[in-house]
Each structure stands twice: as structure tokens, then as C-alpha cells.
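Read off the chains here:
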Amino acid sequence: QEAATKPNVIILATGGTIAGAGASAANSATYTAAKVGIDKLIAGVPELSQLANVRGEQVMQIASESITNENLLQLGRRVAELADSKDVDGIVITHGTDTLEETAYFLTLVEKTDKPIVVVGSMRPGTAMSADGMLNLYNAVAVAGSKEARGKGVLVTMNDEIQSGRDVSKMINIKTEAFKSPWGPLGMVVEGKSYWFRLPAKRHTMDSEFDIKDIKSLPNVGIAYSYGNVDDTAYKALAQSGAKAIIHAGTGNGSVASSVVPTLQALRKDGVQIIRSSHVNNGGFVLRNAEQPDDKNDWVVAHDLNPQKARILAMVALTKTQDSKELQRMFWEY
Ligand SMILES: NC(=O)C[C@H](N)C(=O)O
């Protein structure tokens, strides 16, 4: 294809294992993340130039477990600038896999564009045998440059699957088949061609009421994990550190231990939003007034959002409202 007929795809690099390097090809799990620059990554997959006119930009170079709210805002703003440009048809973000699901959901909520935004990572560093980053990146550029991906929200391409950035989550930290959505992938990408099977049903990107351009900062929202014999130490500490909302990473249906209930009721009276989510492994499904009287307590439920995704929506939502009913509406709609 001639340059003029090929789509223009920008790759924003943030680090992660896809930019990682290990001491030997046998090191698939022992390596340093965020080592290799974007130009070298692109040069490592010459086939990208058959799919698109590709240009790289190093936005940051970090392992994704260290991504801060400031990093999220910086990335989100750069994505918005590029999406506004007539010369850009699609955007790929290379990212560590540990918090990839959080960044993908954040962008889903705040980017006002129908241009494809594809977040991609890898489970093995490029120096390892059977490294998965090259193909994942090739697939990401293929999807980001395709017309069919427009308007489908922020996407994630891992292991030949096209996942919704809203739903997808890292389910295991060792297999290349690490990313799953409880509701299934949206499609497949094979040899540079996408095959679509379903569409996201939740509000996203163009249809979202949130806009990165209006967000100056993100509020403090923390997560407290629940388990047998839990007490209220973590919840109180989060509130004391200034959390505007606490995500309860609950057992089962976001259930709350009797040792914690009075503290959460008191914190809500003090103005802290309490959001019940579930840390069950295959994806939670937390319903209002099941397990706990949310109407009476004035708590919110995260429904199927896992705790880390619930934190993202809570932060973004709190830039618009402090009203728990509005928050709950947003948790149903996004
Ligand atoms: N596979 C990975 O990318 C893991 C790495 N710790 C990261 O998130 O940056």
C-alpha cells in the first residue's frame, strides 16, 4: 500500500514488559520492565509499516504498577490532543499489564473521540523465547488503523483477542492468555485482519459525559480488601488520609463483615462515599440492597466493576458530582 492510502497510527509508549528486557532468552518471568525505547520496539516489528504509517512517542517509561493519577492525566491529555489531529487515524498505547485494565477504562471514560484507541502490553519481555509483544503490537496497530474499530470504545489486543477496555482484566500473571473479560472478547485479530462478534453496551468515549479536557486533577480514592477476620483498620486509615471515596473490595456479593459495617456507616455520615465491589476471581456482580441495605446506608454498588476499575470510575465521577444517587447512576451506565 502507498503511504497516502495507509492509515496514520501513533504509538504512545509508557513502558511495561512489552518494553522489558531480561538477561537471557530463558528469562520469561525474571527481567526488568520499561527498558526498551519506542523507536527500537517499532524497528523490531518491520511488518508494522505494511499496516500503517507508524510513528512512536515515548510518553513515559515505567512499569505499570507505578503509574500515578498524574501519569494517567498526562497520558489522557496526549491521547486527546492526538485524537483531535486530522493527521491521526488511530492511537496505540503500549503499557505494562499490571494496571493496563485501569488505564484502558480511564481512557474509555474520558476520551471524546470515535477514533480507535488500542491499549496493548505483553506477558513476556521481548528478549524471551516466544515473546508475545511483537504480535500483540502488530495486532494493536492493525486494529487501530482499521475503520471497523471506530466508535467501539477503547480496546485491548492481547493473545489475538480484541477486548473491551471497560471489561477486560488481568486474570493471571504468567500465561500469555492473561487477559479476559467476564463477558467475553469483542472479536479476534488474525494476520492483521479484525473479526468482530459483539459491541460494548455501556456508555463510552463519544457518548460519555466525562471529558479529559475538563479534568484538572483526580480525587483521592482508596481500596480496602476484605477477608475472614477483617477489621476496620484499613478503612479508617484511608479516610484519615483524605479519601473522598473508599472502594470496599468485598467478598462474594460485595458483602461487608459485621466488624466493619458500623465504621462504613459512620464514614458515610462524615461524607466519604462507600462503594461496594467484589474481589471474586471471575468478576463480581454486586447488586443494590442484596447483602447490605444500601438505600438505608446511602452506599453505592460497583455492580460488575472490579475494585480497581471501580476506583477509576469513582475518581472520574467525583470530578462531576458528590451526590451518591448520581454516583450510583454512573456506576450503572458506565
Ligand atoms: N507484564 C507486565 O507488563 C508486568 C509489569 N509489571 C508491568 O505492568 O509493567
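Residues numbered from 1 in each chain as written. Predicted model: local features only at pLDDT ≥ 70, side-chain atom pairs only at ≥ 80, totals over all residues. Heavy atoms only, no water.

Things to note about the overall build of the chain
Scanning the chain from terminus to terminus reveals 10 helices and 14 strands. Computed over C-alpha atoms, the radius of gyration of the chain comes to 20 Å, within 12% of the 20 Å expected from 2.2 N^0.38 for 334 residues, which places it in the range of a compact globule. When the backbone C-alpha atoms are referred to their principal axes, the chain occupies close to 65 × 45 × 35 Å. Across the 334 residues in the chain, those meeting the buried criterion constitute 54%. Residue pairs in contact within the chain that sit at least 24 positions apart in sequence constitute 71% of those at least 6 positions apart. Accessible surface, the chain as shown: approximately 14,100 Å² in total, 51% of it carbon and sulfur. Charge centroids of the chain, computed over 35 positive and 37 negative side chains, lie 1 Å from each other. (Helix = DSSP H or I, 4+ residues; strand = E, 2+ residues; numbered from the N terminus. Rg over C-alpha atoms; globule rule 2.2 N^0.38 Å. Buried < 20%, exposed > 50% of the residue type's maximum accessible area, 1.4 Å probe, protein only. Contact = heavy atoms within 4.5 Å. Areas by Shrake-Rupley, 256 points an atom, 1.4 Å probe, with all protein chains shown as cover. Lys, Arg positive; Asp, Glu negative; His and termini not counted. Charge placed at Lys NZ, Arg CZ, Asp CG, Glu CD.)

Side note on the site of the ligand
Around the ligand, the neighbouring residues are Gly16, Thr17, Tyr31, Ala63, Ser64, Glu65, Gly96, Thr97, Asp98 and Ser122. One of the side-chain nitrogen or oxygen atoms of Thr17 is found 2.9 Å away from an oxygen atom of the ligand. Between the ligand and Ser64, the relevant distance is 2.5 Å, taken from an oxygen atom to a side-chain nitrogen or oxygen of the residue. Here the ligand loses 92% of its free accessible area of 270 Å² to cover by the protein chains. Residue composition of the shell around the ligand, by class: two nonpolar, six polar and two charged. (Near = heavy atom within 4 Å. Polar contact = N/O pair within 3.5 Å; in protein donor to acceptor, adjacent residues only side chain to side chain. Nonpolar A, V, L, I, M, F, W, Y, C, P; charged D, E, K, R; others polar.)

Focus on the UniProt feature "domain: L-asparaginase N-terminal" (unreviewed entry) in the chain
Residues annotated by UniProt as "domain: L-asparaginase N-terminal" (unreviewed entry) correspond here to residues 8-196. Split by type, residues 8-196 is 26% helix and 25% strand. Its first and last C-alpha atoms lie 22 Å apart. (UniProt positions renumbered as here; feature names shortened; annotations may be inferred.)

As for the sheet that holds strand β11 (residues 221-225)
The sheet built from four strands is open, its strands ordered β11-β12-β13-β14 with parallel pairing. The open sheet has two free edges, formed respectively by β11 and β14 (300-301), since each of these has just one partner strand. Here strand β12 (residues 245-250) pairs with strand β13 (residues 273-278) via six bridges, running parallel. Across the sheet, residue Ile247 finds its bridge partner in β13, namely Ile275. Helix-sheet contacts for helix α9 (residues 307-318) involve β11, β12 and β13, and the interaxial angle to β11 is about 155 degrees. (Pairing = 2+ DSSP bridges. Axes fitted to C-alpha atoms, helices over the stretch in contact; angles between N-to-C directions.)

Regarding the sheet that holds strand β4 (residues 117-120)
Reading across the sheet, the eight strands line up as β2-β1-β3-β4-β5-β6-β9-β10 and stay open at both edges, with mixed pairing between neighbours. Across the chains shown, the open sheet's two edge strands, defined by having one partner strand only, are β2 (53-62) and β10 (193-196). Sheet twist, expressed as the mean angle between neighbouring strand axes with direction ignored, is 25 degrees. Of the pairings in the sheet, the one linking strand β3 (residues 90-94) to β4 comprises four bridges and is parallel in character. When the bridges of β4 are listed, Thr94 appears paired with Val120. Along the sheet, helix α5 (residues 133-144) contacts β1 (8-15), β2, β3, β4, β5 (154-158), β6 (161-164), β9 (187-190) and β10; its crossing angle with β3, the most-contacted strand, is approximately 155 degrees.

A look at the nonpolar core
Core analysis: the largest hydrophobic core is formed by 82 residues, its most contacted members being Leu12, Val92, Ile93, Phe106, Leu109, Phe210 and Phe331. Sorting elements by how many residues they give to this core places α9 first, with eight residues. Summarising the domain contributions, this core has at least three residues from each of domain 1 (3-207) and domain 2 (220-333). The next biggest cluster of nonpolar side chains, apart from the first, holds 14 residues, and it includes Ala224, Leu238, Ile274 and Trp299. (Core = buried A, V, L, I, M, F, W, Y, C linked by side-chain atoms within 4.5 Å. Domains from an automatic or database assignment.)

Thoughts on the packing of helix α3 (residues 69-84) against helix α4 (residues 100-110)
Contact geometry for α3 and α4: axes closest at 11 Å, N-to-C directions at 50 degrees. Overall, the two elements α3 and α4 adopt an arrangement that is oblique. Handedness of the crossing formed by α3 with α4: right-handed. In contact with Leu72, Leu73, Leu75, Gly76 and Val79 of α3, α4 contributes Thr103, Phe106 and Leu107. (Parallel < 35°, antiparallel > 145°, perpendicular 65-115°, else oblique. Left-handed = near helix turned anticlockwise from the far one by under 90°.)

Topic: the UniProt feature "binding site: substrate" (unreviewed entry) in the chain
Here, the residues flagged by UniProt with the feature "binding site: substrate" (unreviewed entry) are Ser64, Thr97 and Asp98. In three dimensions, the annotated residues from a span of 35 residues occupy one location, with a maximal C-alpha spread of 6.7 Å. On the secondary structure map, Ser64 appears in the loop between β2 and α3. Excluding its chain neighbours within four sequence positions, the residues that come into contact with Ser64 are His95, Gly96, Thr97, Asp98, Thr99 and Leu100. Engagement of the side chain of Ser64 in a polar contact is seen with the backbone oxygen of Gly96, the distance being 3.3 Å. Not counting residues within four places of it along the chain, the set of residues in contact with Thr97 comprises Ser64, Gly121, Ser122, Met123, Met158, Lys170 and Phe179.

Comments concerning the pattern of salt bridges
What the rule picks out here adds up to 19 salt bridges. Put simply, Arg276 and Asp294 hold a salt bridge, and the shortest N to O gap is 2.6 Å. Of the two residues, Arg276 is situated in strand β13 and Asp294 in helix α8 (residues 294-297); the sequence distance between them amounts to 18 residues. Taken individually, Arg276 and Asp294 each receive the classification buried, so the pair is uniform in this respect. Linking Glu326 and Arg329 is a salt bridge whose minimum nitrogen-to-oxygen distance equals 2.9 Å. (Salt bridge = Lys/Arg side-chain N within 4 Å of Asp/Glu carboxyl O.)

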